[in-house]
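Fold and contact review
This is what each chain is made of:
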Number of protein chains: 2
Amino acid sequence: MNNEEIKDTINLMSNNSNQTDKFATLNKVINEKTGNRNDNIMKTAIIQQSNNAGIDTNKAKLAKNIAECAKNGAELIVLQELHNSLYFCQVEDVNYFDLAETIPGPSTKFYGQLAKKHGVVLVTSLFEKRAAGLYHNTAVVFENDGSIAGTYRKMHIPDDPGFYEKFYFTPGDMGFHPIQTSVGKLGVLVCWDQWYPEAARMMALAGAEVLIYPTAIGWDMHDEEDERERQRDAWVTVQRGHAVANGLPVIAVNRVGTEEDPTGQSEGINFWGNSFVAGPQGEFLYEATTHKEENKIIKIDLKRSEDVRRIWPFLRDRRIDEYKEITKRFRD
Amino acid sequence: MNNEEIKDTINLMSNNSNQTDKFATLNKVINEKTGNRNDNIMKTAIIQQSNNAGIDTNKAKLAKNIAECAKNGAELIVLQELHNSLYFCQVEDVNYFDLAETIPGPSTKFYGQLAKKHGVVLVTSLFEKRAAGLYHNTAVVFENDGSIAGTYRKMHIPDDPGFYEKFYFTPGDMGFHPIQTSVGKLGVLVCWDQWYPEAARMMALAGAEVLIYPTAIGWDMHDEEDERERQRDAWVTVQRGHAVANGLPVIAVNRVGTEEDPTGQSEGINFWGNSFVAGPQGEFLYEATTHKEENKIIKIDLKRSEDVRRIWPFLRDRRIDEYKEITKRFRD
């Protein structure tokens, strides 16, 4: 606080009659002036939904879901990866570049207005057109006044049958930086990033208060059921592991439903849902179903992260003198 | 193979009558000469046991358990952390430095003889006296001929009430290097290392075929049961996460039983056992009880790691250009 703000605070305090009120007022003013929140509870909503080929239909459904979550008290709302459209990366087709938009652009206007209207911080995932022939998979975070709080360009890009992302997305060049918002400092990463402990650690070291993963991951239904279960469980486990290793909550939001392979070569992808929120010991705060659309509000206690880091001070003991070769492709 | 070895091989082959036999012989000889194994199955034993104040009693029990595991087909046997004694770090007492031994020393002689006698690769965990006033928590791996295959000095040293390890152990100065043995390249780490994704990654990048954690971790029984469960589950989860992130099996061996606090200030530590082996997707191959002594043989298919890494090629897409700040204490 600067001197002017302290004077304001004292003036405000003098209008209150008793000591308790004065401290409450002081606390509120300090929090408002410093951007601190009045409590440590972050009311977070996840929206897990299925998509179809109609962009406007998907966006309208999201608008409705966002309104519902806000009405139910959400302060932060997290959407799944590439929520405007079908998961178009099942095939390599230059026509799909038509789906990409500039940032800012029509979609950031649309979601910015929703964030403002409902007074929520909103984490979105867009197909960014940076230039002709240069596209990214980009998360855009909106402040609750509708402004863009920050963006993150997906750093790790997958490529395997049915997930041809290297064709569409240039790997991010903005590094790993959390985005400051009124609800906290958000370590926003995207999908394939979730398999990389380095990404989570980079965000934690930069002061992220929560790790957030919009995702689009699913099963090839030709795989046996036990293999499908191992995959789903591995996906949950590695992200819960990031929560534990960094003493941070994790929010992962995935889509549901089956989307056809436009080439007809495969049976498409069955997106496994299972969006979840874990606390800083990796404990489940919520775990969604694998097949249903869901809007869910989860209260995340940000204070608990420091409590956990006090009993498990992993950051204290890191051997930073010996990690240098993590920047090598392989130690051979 | 050198020329002499190739000659030997051809001589051996000429003693066989048919083509199939010749190839089988060639394969066997090449494997023997090059140190490759004839199959991809690593028959691994874990010994989860409780200890008492009698060093000789503990060692005798271990010798009996090692013999039993070898008899049942184990090729690799992994012991828990500091298996010779009680977990003495519950209190800071200079007299406990008497427990430390040089490497090589009496304990390496004892375990080397057992490894040779039973023809097994043996992972042990010793209190190393390097010099007067300089001690380490050191894993020693024995080859199946009784020789020392390699050592690893615990790199991350914890210190919290009841686990005063910073008093006893100087942090390791040998870095993260897997140990080559006849059963595979072992990424041996110790206990507190298990919370650090960097340690697992460094081992994986150096070609480790399996991650191994001798451990001594337990509950403060004053904690509520739900907190105790979160801790145990976090411990399992973060290590399964290393398996997933690196596409490698993980072997964790912990002790069981309650050991008193010599100061009487606390109720001691209830070691939670729960030793486990996970495959390269983090899937459980075995999970021990939280309260019983157990010898268990688990077959680990090392070939599966490459299969998993082919469908999830995380090593392909690492953003090594952007991980540099992992070597910072904090990115502030």
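In this report, we go over the structure that sits alongside the text. (Residues numbered from 1 in each chain as written. Chains lettered and ligands numbered in written order. Predicted model: local features only at pLDDT ≥ 70, side-chain atom pairs only at ≥ 80, totals over all residues.)

1. Concerning the sheet that holds strand β3 (residues 121-131) of chain A
What holds strands together in a sheet is hydrogen bonding between their backbones, with the strands either parallel or antiparallel. All names here are of chain A. The test is simple: At least two DSSP bridges between two strands are required for those strands to pair. Secondary structure counts use DSSP, requiring at least four H or I residues in a row for a helix and at least two E residues in a row for a strand, with both numbered from the N terminus. Axis lines are fitted through C-alpha atoms, for helices just across the contact stretch, and the angle between N-to-C directions can take any value from 0 to 180 degrees.
Read from one edge to the other, the open sheet built from six strands follows the order β5-β4-β3-β2-β1-β15, with strand pairing classed as mixed. Pairing within the sheet leaves two strands with one partner each, and these edge strands are β5 (148-153) and β15 (294-301). Along the sheet, successive strands turn relative to each other by an average axial angle of 30 degrees, direction set aside. Examined bridge by bridge, strand β1 (residues 41-48) and β15 share eight bridges and lie antiparallel to one another. Each bridged residue has a counterpart across the sheet, and for Q48 the counterpart in β15 is E294.

2. A few points about the sheet that holds strand β9 (residues 218-219) of chain A
All names here are of chain A. If you trace the three strands from one edge of the open sheet to the other, you get β9-β12-β11, paired in antiparallel fashion. Across the chains shown, the open sheet's two edge strands, defined by having one partner strand only, are β9 and β11 (256-259). Where β11 meets strand β12 (residues 269-272), four bridges bridge the pair, whose relative direction is antiparallel. Paired with E259 across the two strands is I269, which belongs to β12.

3. Brief notes about the interface of chain B and chain A
The parts lose accessible area when they come together, and the size of an interface is often stated as this lost area. Applied cut-off: Residue pairs are scored as contacts if the distance between their C-beta atoms, which are placed from the backbone, is within 7 Å. Gly counts as polar in this scheme, as do all residues outside two lists: the nonpolar Ala, Val, Leu, Ile, Met, Phe, Trp, Tyr, Cys and Pro, and the charged Asp, Glu, Lys and Arg.
Every contact between the two is made by 47 residues of chain B and, on the other side, 47 residues of chain A. When residues of the side of chain B that touches chain A are traced back to their parent elements, those giving at least two are α6 (197-205) and α7 (225-246) of chain B. Broken down by element, the side of chain B that touches chain A gets its largest block of residues, nine residues, from α7(B). Classifying every residue of the side of chain B that touches chain A by side-chain character gives 22 nonpolar, eight polar and 17 charged.

4. Section: the relation of the copies chain B and chain A
One copy of the chain maps onto the other through a rotation about an axis followed by a shift along the same axis. For clarity, the threshold we go by: Least-squares superposition aligns the copies on the C-alpha atoms of those residues with pLDDT at or above 70 in both.
With an RMSD of 0.0 Å, the operation that places chain B on chain A is a rotation of 180 degrees combined with a shift of 0.0 Å along the axis. Taken together, the rotation and translation relating the two chain copies correspond to the operation of a two-fold axis. Closest approach to the rotation axis among the C-alpha atoms of chain B is made by G241(B), whose C-alpha sits 2.6 Å away. Interface overlap between copies is the fraction of interface residues in one copy that are interface residues in the other; for chain B against chain A it reaches 100%, indicating a shared surface.

5. Notes on the pairing of β12(A)
Bridge count for β9(A) against β12(A) is two bridges, and the pairing is antiparallel. Residue pairing across strands places G218(A) opposite F271(A), the latter belonging to β12(A).

6. A word on the pairing of strand β10 (residues 250-253) of chain A
Residue and element names in this part refer to chain A. Going by this rule: With C-beta atoms placed from the backbone, a residue is labelled by how many other C-beta atoms lie within 10 Å of its own: buried for 20 or more, exposed for 12 or fewer, partly exposed between the two.
Residues V250 and A252 line one face of β10 and the alternating positions I251 and V253 line the opposite face, and both faces are buried. Relative to β10, strand β8 (residues 210-214) runs parallel, the two sharing four bridges. Within the sheet, the bridge partner assigned to L211 lies in β10 and is V250.

7. Focus on the packing of helix α6 (residues 197-205) of chain A against helix α7 (residues 225-246) of chain A
Residue and element names in this part refer to chain A. To be explicit about the condition: By definition, any crossing whose near helix is turned counterclockwise from its far helix by less than a right angle is left-handed, and any crossing with a clockwise turn is right-handed.
Taken N-terminus to C-terminus, the directions of α6 and α7 make an angle of 35 degrees; their axes are 10 Å apart at the nearest point. Judged by the twist between their axes, the crossing of α6 over α7 is right-handed. On the side of α6, the interface is formed by P197, A200, R201 and A204, while α7 contributes H242, A245 and N246.

8. Description of α6(A)
For α6(A), the buried fraction is high: nine of the nine residues fall into the buried class. Along α6(A), the residues classified as buried are P197(A), E198(A), A199(A), A200(A), R201(A), M202(A), M203(A), A204(A) and L205(A). Among the structural elements, β7 (184-188), β8 and α7 of chain A together with α6 and α7 of chain B are those in contact with the buried residues of α6(A). Just downstream of α6(A) lies G207(A), where phi reads positive at about 90 degrees.

9. Let's talk about unusual backbone geometry
The amide bond that connects I103(A) to the next residue, P104(A), takes the cis arrangement and shows omega of 5 degrees. Looking at where P104(A) falls in the secondary structure, it is placed in the loop between β2 (76-79) and α4 (106-118). Look at N274(A): it is not a glycine, yet its phi comes out positive at around 60 degrees. Summarising the element assignment, N274(A) is placed in the loop between β12 and β13 (276-278). Assessed through the 20 C-beta atoms surrounding it within 10 Å, N274(A) is described here as buried. Phi at C191(B) takes a positive value of approximately 40 degrees, unusual for a residue other than glycine. Since 25 C-beta atoms lie within 10 Å of it, C191(B) is described here as buried.

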